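So you can see what is in the structure, the chains are spelled out below.
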Amino acid sequence: MAQPYPHCFLEGRQQALADARISPLDRSFLFGDGVYEVIPVYDGRLFRFAAHAERLARSLAALQMIDPYSREQWRQILEDLVTVNGGGDQSVYVQVSRGHEAGRNHILPLKLTPTVFAYCAPWPTTDSAVLRDGVRCITLQDTRWARCDIKSVALLANILLRQQATEAGATEAILLRDGRLTEGSASTVHVVLDGEIITPPNSHRILPGTTRGVVIDCADALKLAHRTAEVSESQLRSADEIWLASATREVQAVTLLDNQPVGTGQPGALWQRVYARYQTYKRES
Ligand code: PDD
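The structure contained in this document is the topic of the report that follows. (Residues numbered from 1 in each chain as written. Predicted model: local features only at pLDDT ≥ 70, side-chain atom pairs only at ≥ 80, totals over all residues. Heavy atoms only, no water.)

1. Comments concerning the site of the ligand
Okay, step 1: For the ligand, the set of nearby residues contains 20 residues, the closest of which are Y36, R55, E183, T210 and T211.
Okay, step 2: K151 places a side-chain nitrogen or oxygen 3.2 Å from a nitrogen atom of the ligand.
Okay, step 3: A distance of 2.5 Å separates an oxygen atom of the ligand from a polar side-chain atom of T211.
Okay, step 4: Expressed as a share of its isolated accessible area of 470 Å², the protein-covered part of the ligand is 89%.
Okay, step 5: If you list the elements that add at least two residues to the shell around the ligand, you get β3 (34-42), β9 (180-184), α6 (210-221) and β13 (241-246).
Okay, step 6: Classifying every residue of the shell around the ligand by side-chain character gives six nonpolar, ten polar and four charged. (Near = heavy atom within 4 Å. Polar contact = N/O pair within 3.5 Å; in protein donor to acceptor, adjacent residues only side chain to side chain. Areas by Shrake-Rupley, 256 points an atom, 1.4 Å probe, with all protein chains shown as cover. Helix = DSSP H or I, 4+ residues; strand = E, 2+ residues; numbered from the N terminus. Nonpolar A, V, L, I, M, F, W, Y, C, P; charged D, E, K, R; others polar.)

2. Some details on unusual backbone geometry
Okay, step 1: Positive phi is not limited to glycine here, since R48 has a value of about 60°.
Okay, step 2: Structurally, the position occupied by R48 is in the loop between β4 (45-46) and α2 (49-62).
Okay, step 3: Judged by relative accessible area, which is 24%, R48 ranks as partly exposed.
Okay, step 4: We note that K223 has phi near 60°; this positive angle belongs to a residue other than glycine.
Okay, step 5: By secondary structure assignment, the location of K223 is in the loop between α6 and β12 (226-228). (Buried < 20%, exposed > 50% of the residue type's maximum accessible area, 1.4 Å probe, protein only.)

3. Focus: helix α8 (residues 269-284)
Since the α-helix turns once every 3.6 residues, residues separated by three or four places project in the same direction.
Okay, step 1: With 16 residues, α8 ought to run about 22 Å at 1.5 Å a step, and its terminal C-alpha atoms sit 23 Å apart, in line with that.
Okay, step 2: Against β3, α4 (128-133), β10 (188-193), α6, β13 and β14 (250-257) lie the buried residues of α8. (Expected span 1.5 Å × (residues − 1). Contact = heavy atoms within 4.5 Å.)

4. Some words on α2
Okay, step 1: The end-to-end C-alpha separation of α2 is 20 Å, in line with the 20 Å expected for 14 residues at 1.5 Å each.
Okay, step 2: Burial in α2 covers these residues: F49, H52, A53, R55, L56, S59 and L60. Mapping the buried residues of α2 onto a view down its axis gives an arc of 165°, with all of them on the same face.
Okay, step 3: For α2, the secondary structure elements touched by its buried residues are β3, β4, α3 (71-84), β5 (90-97) and α6.
Okay, step 4: Just downstream of α2, Q64 is the residue with a positive phi angle, here 55°. (Arc of directions from axis to C-beta.)

Below you can see the structure in the form of structure tokens.
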């Protein structure tokens, strides 16, 4: 993984990431009491900023926290950070935790100053082998909590699931709950069945992905059929194509699921078109 860029945002100002410090009593450290976003930056511009800001606001509201900044203040803070780190293509991580108090307190404390932290990293360019051959995934039971719609920093279940996938030689764990597809450990999953792109509906079981919106916009531009519907395990296993979508993966084709080829075992025709459209779209918007 590439080293982050040197400047971060903490305590209301830009500072050197190497010198940035927070209290060990910060509630994100003690309880995972915080939320985050990962925003792509193309040509120095925040991609889909509004969707990320909206989701951040929703996550904060779910934690009964007040959004510390207005939409325009957020934009300015993050744009300035991207600029000082050299612009171009990057990813921005932003985290808001409830802040710190005198000690551990299971009751939500009132009036804490939130800890706002942001840093930038070089854009994780997708490997050419991934584009040529697609990626390998395994299925696992979704062992996460019942509010996966909140983009919480408490990601232990996601991390353990991803680790299991990594140890099996796979790039991602595709999760099943009650016999239905939910999502990946850190991605939205789309399937293609009979020429139609199908994505599970947003609910407490999945994170409402911002890249999902990009995929749908690309599908619309290409006049491809798509809909939101539950996907059973057998539909997942018989899908002609399976795609992973996230801010940093963009859209990738899954070509091997539990060691079985997906469709032809090569990135599918619809993925090729959506991926190509995505590459143009991200530079245009
Ligand atoms: N994760 N579902 C989960 C559980 C995720 O963690 C993510 C993204 C997504 C896709 O959301 P988006 O399209 O807005 O990136 C779905 C980010 C990239 C991460 O944790 O690094």
